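# Structural features, examined
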There are 4 protein chains.
Amino acid sequence: MSPVPLGVGLIGCGYWGSKLARNFHALPESRLLAVADLEAGRRAHAAEHYPDAAVIADARRIFDDPAIEAVVIATPPATHCRLACEALAAGKHVLVEKPLATSLADADTMLAAAERAERTLMVGHTFEHNPAVEKLRELVASGLLGRIYYIQATRVNLGLFQPDINVLWDLAPHDLSILLYVLGQMPIALRAEGRAYVQPGIEDVAWLTLDFPDGLTAQVHTSWLDPCKIRRVTLVGDRQMVVYDDLAPLDKITLYDRGVERPPFTDSFGEFQLSYRYGDVHSPRLDWVEPLKRECAHFVRCVREGLPPRSDGLAGRRVVAILAAASRSLAAGGERVELAPLTGEPPE
Amino acid sequence: MSPVPLGVGLIGCGYWGSKLARNFHALPESRLLAVADLEAGRRAHAAEHYPDAAVIADARRIFDDPAIEAVVIATPPATHCRLACEALAAGKHVLVEKPLATSLADADTMLAAAERAERTLMVGHTFEHNPAVEKLRELVASGLLGRIYYIQATRVNLGLFQPDINVLWDLAPHDLSILLYVLGQMPIALRAEGRAYVQPGIEDVAWLTLDFPDGLTAQVHTSWLDPCKIRRVTLVGDRQMVVYDDLAPLDKITLYDRGVERPPFTDSFGEFQLSYRYGDVHSPRLDWVEPLKRECAHFVRCVREGLPPRSDGLAGRRVVAILAAASRSLAAGGERVELAPLTGEPPE
Amino acid sequence: MSPVPLGVGLIGCGYWGSKLARNFHALPESRLLAVADLEAGRRAHAAEHYPDAAVIADARRIFDDPAIEAVVIATPPATHCRLACEALAAGKHVLVEKPLATSLADADTMLAAAERAERTLMVGHTFEHNPAVEKLRELVASGLLGRIYYIQATRVNLGLFQPDINVLWDLAPHDLSILLYVLGQMPIALRAEGRAYVQPGIEDVAWLTLDFPDGLTAQVHTSWLDPCKIRRVTLVGDRQMVVYDDLAPLDKITLYDRGVERPPFTDSFGEFQLSYRYGDVHSPRLDWVEPLKRECAHFVRCVREGLPPRSDGLAGRRVVAILAAASRSLAAGGERVELAPLTGEPPE
Amino acid sequence: MSPVPLGVGLIGCGYWGSKLARNFHALPESRLLAVADLEAGRRAHAAEHYPDAAVIADARRIFDDPAIEAVVIATPPATHCRLACEALAAGKHVLVEKPLATSLADADTMLAAAERAERTLMVGHTFEHNPAVEKLRELVASGLLGRIYYIQATRVNLGLFQPDINVLWDLAPHDLSILLYVLGQMPIALRAEGRAYVQPGIEDVAWLTLDFPDGLTAQVHTSWLDPCKIRRVTLVGDRQMVVYDDLAPLDKITLYDRGVERPPFTDSFGEFQLSYRYGDVHSPRLDWVEPLKRECAHFVRCVREGLPPRSDGLAGRRVVAILAAASRSLAAGGERVELAPLTGEPPE
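As the structure is a prediction and not an experimental result, all values here were calculated from the model.

What follows concerns the overall build of chain A. Along its length, chain A carries 9 helices and 15 strands. Relative to the globule expectation of 20 Å for 348 residues, the C-alpha radius of gyration of chain A, 22 Å, shows essentially globular dimensions. Counting every position in chain A, which comprises 348 residues, the buried fraction comes to 58%. The contacts in chain A between residues at least 6 apart in sequence include a share of 67% that link residues at least 24 apart. Summed over all atoms, the accessible surface of chain A reaches about 13,900 Å², with 53% contributed by carbon and sulfur. Taken as two groups, the 36 positive and 45 negative side-chain charges of chain A have centres that lie 3 Å from each other.

Shown next as structure tokens:
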């Protein structure tokens, strides 16, 4: 006998929220019972598409509805903490969009609230449910790439400006969650530079450099102002190199059997000698499932079976810790900021 | 009556020197009279291809030859200063490969020697003779791009490691000479981060961020360790954006009539509103001539007519000033370094 | 006062039918009242997505429902004629998927039925509602391309085999409707070659060469067996050339100011001389609207206002005439088949 | 002890001849002793680059020079037969550019002359010496692709019109030599369609369809009028598919583990079922050597060691046989022409 579908209430039905609505509506293991949004136009749109759901302005009706076991929050980031805590206090399980919160203090408040309520708190790090990113993690874990020297991530395009957060808080959560998931470790220091061209005080282009243990460096370049859309992560290992191009229609992961070889010893009279290895290029077949669909199904399963989600509150907190440190670096004109390796806490 | 061809002596006939040899040999307005190289294998190769030239080990024979009016130096950068000064002292005109020198002091020594000798000193900033870069400069000067917000330059590939200079001194001179030529101004501060993975102490990946006047920022990303070759400069203006892809076979310059428009005033109750303009995409036809051939012809003409070269000693010195400041930033772990806006001198 | 939405019944809710359902459901000027499909799985899917529509197995209930004014047919091509005629006989307006019919006789039967019933008959040539194809037609009509020499169309990929029609009847209707719409004329002869590799008797790769008046030739290459997806039409004119790449995310139309110039006269002693003109490359901005959405809205407007649709029954018949002639050529091993220039009728 | 270098005389030093000159000059195992060309400009150019070679107008001086053992012919195709026969009659070994001749009779005359003279006759099918084409042949021979269904070859670009031969004789020899070398068999029938737009009577666009044994079909599309340069061969096998893109800078061969699977038996009540296999994508590393350099070295070695060349006179004759049959098909408006499977002889 299959279980009763999970009753879900969604708060925020804009660009991303409408995708979540579609998925929780379509999943057989969940039912979209209510959609709350402050904007009338979005409510009308939701009402048309989800006639079985209550479409409302006031999110409190979601918290009060006993049929709703789980709340999905896709509102502006600054409201995440308040709404998640109310939902948790009302006994709901919570899935919050990325970034989890806009400060480390808020993130901590949310984690504490989840623990107190004994409810699931998951953050919507979609890329952790992306088959291409899973393949990256598998490649790194297998040792096939060798030692990872550095990672270059580029996420740029024209548009989708946010009114309340800068480009780093908007776009970098994707790359940061990918990095943490793929590498399985936290950076120990970072430096962020950014510029605000179109909206005063809101950076629309930024470069974030992260130092991980063992000399591994990652740079994340984000922009709302580039004429060309690029979504690309390059991992340079000493044995193989891999490029993840999220815009490739089929072959998103390309593995280059390339590298540099140093001679085993250096003859004191010898000439400078490095040799380059140019081997095969390989794109492994990925079984594609829409990552957001997998994320939603994962959330339902974690709630139902009491499992810790892959992208749990702590994962969300780690990304917030890095973004908060990046904000401090930005504010200090690009000064280097140290992080506690496990938690990303700023040093006292 | 066409003039007697310029007698040219080349010092250094490796990867780049052999291209210079081919060009000065082929130009009707010059004659390649001598080639000096310390390595026997290269001398044999040069002797086979240029049987009319004297192929020698000792560069002094070039300085002593009265038929040689101009000396072209394509040796490791650390030797540029000494060789150029000897050539100038011997009354020769000099074309030096980029970077002009490995320190600001050396560059100053070279400029002074040229002035004393009243001879032409030119640096081989090939990209200043590249039709695509001339088109970029023309686009910027025309105002068609509007205000330039920022520039992203990427020059990465696997290989061509240098034994004596790092990736910044090796690859960034290209982008720096492009930036200075296209913008017509010097940066006022910079920050450089780099990592040395394959050869201890010699950075093989680096990120250089440059602040120009009026808020314009440029980032130059260089690497000897990327599996994919990228040669790309993006200029983001508030009216149009342009991408220069040096690897495109035909259409190297692409102009995007794209931008962000802010409403003329902001209603205090109004909603957040930015609109994106997505207009036509245009690749202007470039009349292609090999940039190095144009550079060599330009050098000959400047010598013959006593004209200041486009990429004169001062242009070479400006690039060296930036690289020297970048080295200080690198050594200080990425600290910001201020530059005098005209000369790039470090502040006392 | 806005008019009552058009009541629409859909027959066939598979791959393409489900897209039509989504559009007629979403359009404010139409209401999806009923969906008929013989397959239970598809009915379940439709019932879930369109709870306000009657979801049924028997299409006759659509013909009998007086609230339904228009019937949309997205069933296998061999059933188009019978279903369209029944719908027209019941007084419904009809939109039929491409190809309109599987024989010229069937097409004629359908046109006659529409005329008798005084109802709108439209064929779903989606590409005639595609902004990129409209731009092609505009470019040809403007004379900007000069005389069109030839057109190469390629529509290949792996998969989407059909059980009942070959690759030509499946994929070529797209290119044929594009050609007829863009050129505004019919071919006068054709030749088709094809091979059936996977399913005996059903060609999975084919090449169709069409002769238009004035020496213009078009080749259409279709395949269900190519590892790479290509959707590309090249128009070669004597003044300019244009490529329409349907898979390009933004810049689908690229105009090449390229050509060959013959000298005005030929000196009898002169050498062979042709010069090539390589000018700018230009991608005009297209205002993108989903072509199928525009097609559906166009159908509703034509029904409401009694206008002849852009892709009317005659347009559908012209494509069927070409496909029928192509089938004769295929059956005769690639023999050339003549067509009446206006109607595509075979010569007696 | 290394042997005396082979003395080589070149006749014809235009676009392609100058590449041959460069290679025979650079190879240690050959010496370029003489270059003949009717045009003074080309002679001046050759004299400047190869000061050790005799540069002459009259090819007879090459035939008469006893130091010249081998003659390389890169003149217009119509002159190949006469020049090759004179060279062979003078006891020289001969390398002739593609196409070997402009008629089957001429080709036979050349083969007979070579046999009579007991000298090597090789045709410059460069692609048979191309590592990517060798890889294609290896992939086919290994059975990895399974049964080859069909091959699509496209060789188009703007320009390089020939005054004396059409686009098929100019460009198709490349693809035909690739097909014959890779498949190891001759076509049994063909059909060619072409159009002459710019120069009356000289086709500038053509489509050639070839039937090989076992149902394998190949189409070769050539054009001098396409705005985009394409050099692409796709082999569709029932187990794997491979694309050879000659313009890819590094990864010219891409192997797609893709295919269509038919169910082992068909249930009489069952539904239509074909499944598509989308597996990994793989680009094997090719050790790149300039194909023309390998061709030249191969010629020298065959002459020296008395070995039959890979691309011998018979290989050249096979390509001529196909082109001659294609010309007959073109002249007959695209009629099918049968070929003798081994020799390409027309049926009586």
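The next subject is the interface of chain B and chain A. Each partner contributes residues to the interface: chain B has 52 residues there, and chain A has 52 residues. Roughly 4,400 Å² of surface becomes buried between chain B and chain A when both sides are summed, with 59% attributable to carbon and sulfur atoms. Across the contact surface, chain B and chain A share 6 salt bridges. Where chain B touches chain A, the interface holds 30 residue pairs in polar contact (both at pLDDT 80 or more). Mapped onto the side of chain B that touches chain A, the elements with two or more residues apiece are strand S7 (148–158), strand S8 (189–195), strand S9 (205–211), strand S10 (217–223), strand S11 (225–237), strand S12 (241–245), strand S13 (253–261) and strand S14 (275–283) of chain B. At 8 residues, the largest contribution of residues to the side of chain B that touches chain A is made by S11 of chain B. Residues of the side of chain B that touches chain A, tallied by class, amount to 25 nonpolar, 14 polar and 13 charged.

All names here are of chain D. On the basis of which strands lie adjacent, the open sheet formed by 6 strands has the order S3-S2-S1-S4-S5-S6 and parallel pairing. With one partner strand each, in any of the chains shown, strand S3 (54–56) and strand S6 (121–124) form the two edges of the open sheet. Going from strand to strand, the sheet's axes swing by 20 degrees on average, the running direction of each strand aside.

The subject of this paragraph is the relation of the copies chain B and chain A. Here chain B sits on chain A after a turn of 180 degrees about the axis and a move of 0.0 Å along it, with an RMSD of 0.0 Å. Accordingly, the operation relating the two chain copies is best matched by a two-fold axis. Looking at the rotation axis and the C-alpha trace of chain B, the residue lying nearest is Glu-335 of chain B, at 3.6 Å. A shared binding surface is used by both copies, with 100% of the interface residues of chain B retained as interface residues in chain A.

In this section: the sheet that holds strand S6 (residues 121–124) of chain A. Residue and element names in this part refer to chain A. Reading across from one edge, S3-S2-S1-S4-S5-S6 is the order of the 6 strands in this open sheet, with parallel pairing throughout. Strands at the two margins of the open sheet, each flanked by one partner only, are strand S3 (54–56) and S6. Within the sheet, the average angular offset between the axes of one strand and its neighbour, ignoring direction, is 20 degrees. Across 4 bridges, the pairing between strand S4 (residues 70–73) and strand S5 (residues 93–97) is parallel. From the neighbouring strand, Val-72 faces S5, where its bridge partner is Leu-95. In the packing of helix H4 (residues 80–89) onto the sheet, the strands contacted are strand S1 (6–11), S4 and S5, and the crossing angle to S5 comes to about 170 degrees. In this fold helix H8 (residues 291–305) packs onto S1, strand S2 (30–36), S4, S5 and S6, with an angle of close to 155 degrees to the strand it touches most, S5.

Any covalent bond linking the sulfur atoms of two cysteines counts as a disulfide. Under the definition given, this model contains 0 disulfides over all chains. Left without a disulfide partner, Cys-302 of chain B is nearest to the cysteine sulfur of Cys-296 of chain B, which lies 12 Å away. Residue Cys-302 of chain B is classed as buried on the basis of its relative accessible area, which comes to 1%. Free cysteine Cys-228 of chain C: the closest other cysteine sulfur is in Cys-228 of chain D, separated by 17 Å. In this structure Cys-228 of chain C comes out as buried when scored by relative accessible area, which is 13%.

Between chain D and chain B, the superposition needs a rotation of 180 degrees and an axial shift of 0.0 Å, giving an RMSD of 0.0 Å. When you check the interface residues of chain D against chain B, 100% turn up at the interface there too, and the contact is symmetric in its surfaces.

Time to look at the packing of aromatic side chains. Aromatic ring pairs are reported here in terms of the distance separating the ring centres and the angle at which the planes meet. All names here are of chain C. A complete count under the given rule lists 20 aromatic pairs over all chains for this structure. Taking 6.3 Å as the distance between ring centres and 45 degrees as the angle between the ring planes, the aromatic pair formed by Tyr-15 and Trp-16 counts as tilted. Judged by relative accessible area, which is 57%, Tyr-15 ranks as exposed. Geometry around Trp-288 places Lys-252 over its ring, the cationic atom sitting 5.1 Å from the centre.

Let us look at the packing of helix H1 (residues 17–26) of chain C against helix H8 (residues 291–305) of chain C. All names here are of chain C. One way to put it is that H1 packs onto H8 with a least axis distance of 10 Å and a crossing angle of 60 degrees. One finds that H1 runs oblique with respect to H8. Relative to H8, the crossing made by H1 is right-handed. Note on element contacts: H8 touches H1 through Leu-292, Lys-293, Glu-295, Cys-296, Phe-299 and Val-300, opposite Lys-19, Leu-20, Asn-23 and Phe-24. The residue makeup of the contact of H1 with H8, split by class, is 6 nonpolar, 1 polar and 3 charged.

Another point: the domain arrangement of chain A. Residues and elements named next belong to chain A. Domain boundaries in chain A define domain 1 (6–127 + 291–317) and domain 2 (128–287 + 321–338). Facing 20 residues of domain 1, the contacting portion of domain 2 comprises 19 residues. Summing both sides of the interface, domain 1 and domain 2 together bury roughly 1,700 Å²; the carbon and sulfur share of this comes to 61%. Ranking the residues of domain 1 by area buried against domain 2 places Phe-127, Arg-294 and Arg-310 at the top, with a combined share of 45%. Across the contact surface, domain 1 and domain 2 share 2 salt bridges. Those elements that place two or more of their residues in the side of domain 1 that touches domain 2 are H8 and helix H9 (313–331). Taken together, the residues of the side of domain 1 that touches domain 2 sort by class into 9 nonpolar, 6 polar and 5 charged.

A word on the environment of Ser-329 of chain D. Residue and element names in this part refer to chain D. Mapped onto the elements of the fold, Ser-329 is located in helix H9 (residues 313–331). Between the C-alpha atoms of Ser-329 and Ala-78, which are 251 residues apart in sequence, the distance is 20 Å. Discounting residues that sit within four places of it in the chain, Ser-329 has contacts with Leu-190, Arg-191, Ala-192, Gly-334, Glu-335 and Val-337. In terms of polar contacts, Ser-329 uses its side chain to reach the backbone amide nitrogen of Ala-192, at 2.8 Å.

Using the criterion set out here, one finds 80 salt bridges over all chains in the structure. The closest approach of N and O atoms between Asp-58 of chain A and Arg-60 of chain A, which form a salt bridge, is 3.3 Å. Note that Arg-258 of chain D is salt-bridged to Asp-251 of chain A, the shortest N-O span being 3.5 Å. One end of the pair, Arg-258 of chain D, is in strand S13 (residues 253–261); the other, Asp-251 of chain A, is in the loop between strand S12 (241–245) and strand S13 (253–261), on a second chain.

Residues and elements named next belong to chain C. For helix H7 (residues 167–183), spanning 17 residues, the distance from its first C-alpha to its last is 23 Å, which sits close to the expected 24 Å at 1.5 Å a residue. With 17 of 17 residues buried, H7 lies mostly within the body of the structure. Here H7 starts with a cap whose side-chain oxygen sits 3.0 Å from the backbone nitrogen of Leu-168, and that cap is Asn-166. Following H7 by one or two positions, Gly-184 has its phi on the positive side, about 70 degrees.

Further remarks concern the pairing of strand S2 (residues 30–36) of chain C. Each regular strand carries side chains that alternate between the two faces of the sheet. Residue and element names in this part refer to chain C. Burial of S2 is extensive: 6 of the 7 residues sit out of reach of the surface. Where strand S1 (residues 6–11) and S2 come together, 6 bridges link them in parallel fashion. Directly across from Gly-9, in S2, lies its bridge partner Ala-34. Read as a crossover between parallel neighbours, the route from S1 over H1 to S2 is right-handed. Inspection of the sheet shows S2 paired to strand S3 (residues 54–56) by 3 bridges, in the parallel sense. If you follow Val-35 over to S3, its bridge partner there is Val-55. Between the parallel pair S2 and S3, the chain is carried across by helix H2 (residues 40–49), and the sense of this crossover is right-handed.

Residues and elements named next belong to chain D. Core analysis: the biggest nonpolar cluster contains 97 residues, and Leu-210, Leu-225 and Leu-235 have the highest contact counts within it. Of all the elements, helix H7 (residues 167–183) adds the most residues to this core, at 12 residues. Discounting residues that sit within four places of it in the chain, Leu-235 has contacts with Leu-136, Val-140, Leu-145, Ile-148, Tyr-150, Ile-151, Val-182, Gln-240, Met-241 and Val-242.

Below, the discussion takes up the side chain of His-129 of chain B. All names here are of chain B. Mapped onto the elements of the fold, His-129 is located in the loop between strand S6 (121–124) and helix H6 (131–142). At a separation of 3.4 Å, a polar atom in the side chain of His-129 contacts the side chain of Ser-311. In this structure, His-129 is in contact with Met-122, Glu-134, Pro-291, Arg-294, Glu-295, His-298, Arg-310 and Ser-311, ignoring residues within four places of it in sequence.

Calculation rules
Residues numbered from 1 in each chain as written. Chains lettered and ligands numbered in written order. Predicted model: local features only at pLDDT ≥ 70, side-chain atom pairs only at ≥ 80, totals over all residues. Heavy atoms only, no water. Helix = DSSP H or I, 4+ residues; strand = E, 2+ residues; numbered from the N terminus. Rg over C-alpha atoms; globule rule 2.2 N^0.38 Å. Buried < 20%, exposed > 50% of the residue type's maximum accessible area, 1.4 Å probe, protein only. Contact = heavy atoms within 4.5 Å. Areas by Shrake-Rupley, 256 points an atom, 1.4 Å probe, with all protein chains shown as cover. Lys, Arg positive; Asp, Glu negative; His and termini not counted. Charge placed at Lys NZ, Arg CZ, Asp CG, Glu CD. Buried area = accessible area lost by both parts, 1.4 Å probe. Salt bridge = Lys/Arg side-chain N within 4 Å of Asp/Glu carboxyl O. Polar contact = N/O pair within 3.5 Å; in protein donor to acceptor, adjacent residues only side chain to side chain. Nonpolar A, V, L, I, M, F, W, Y, C, P; charged D, E, K, R; others polar. Pairing = 2+ DSSP bridges. Axes fitted to C-alpha atoms, helices over the stretch in contact; angles between N-to-C directions. Least-squares fit on C-alpha atoms with pLDDT ≥ 70 in both. Disulfide = S-S within 2.5 Å. Phe/Tyr/Trp six-rings, centres within 6.5 Å; stacked < 30°, edge-to-face > 60°. Lys NZ or Arg CZ within 6 Å of the ring centre and 35° of its normal. Parallel < 35°, antiparallel > 145°, perpendicular 65-115°, else oblique. Left-handed = near helix turned anticlockwise from the far one by under 90°. Domains from an automatic or database assignment. Expected span 1.5 Å × (residues − 1). Right-handed = clockwise from strand over helix to strand, strands pointing away. Core = buried A, V, L, I, M, F, W, Y, C linked by side-chain atoms within 4.5 Å.

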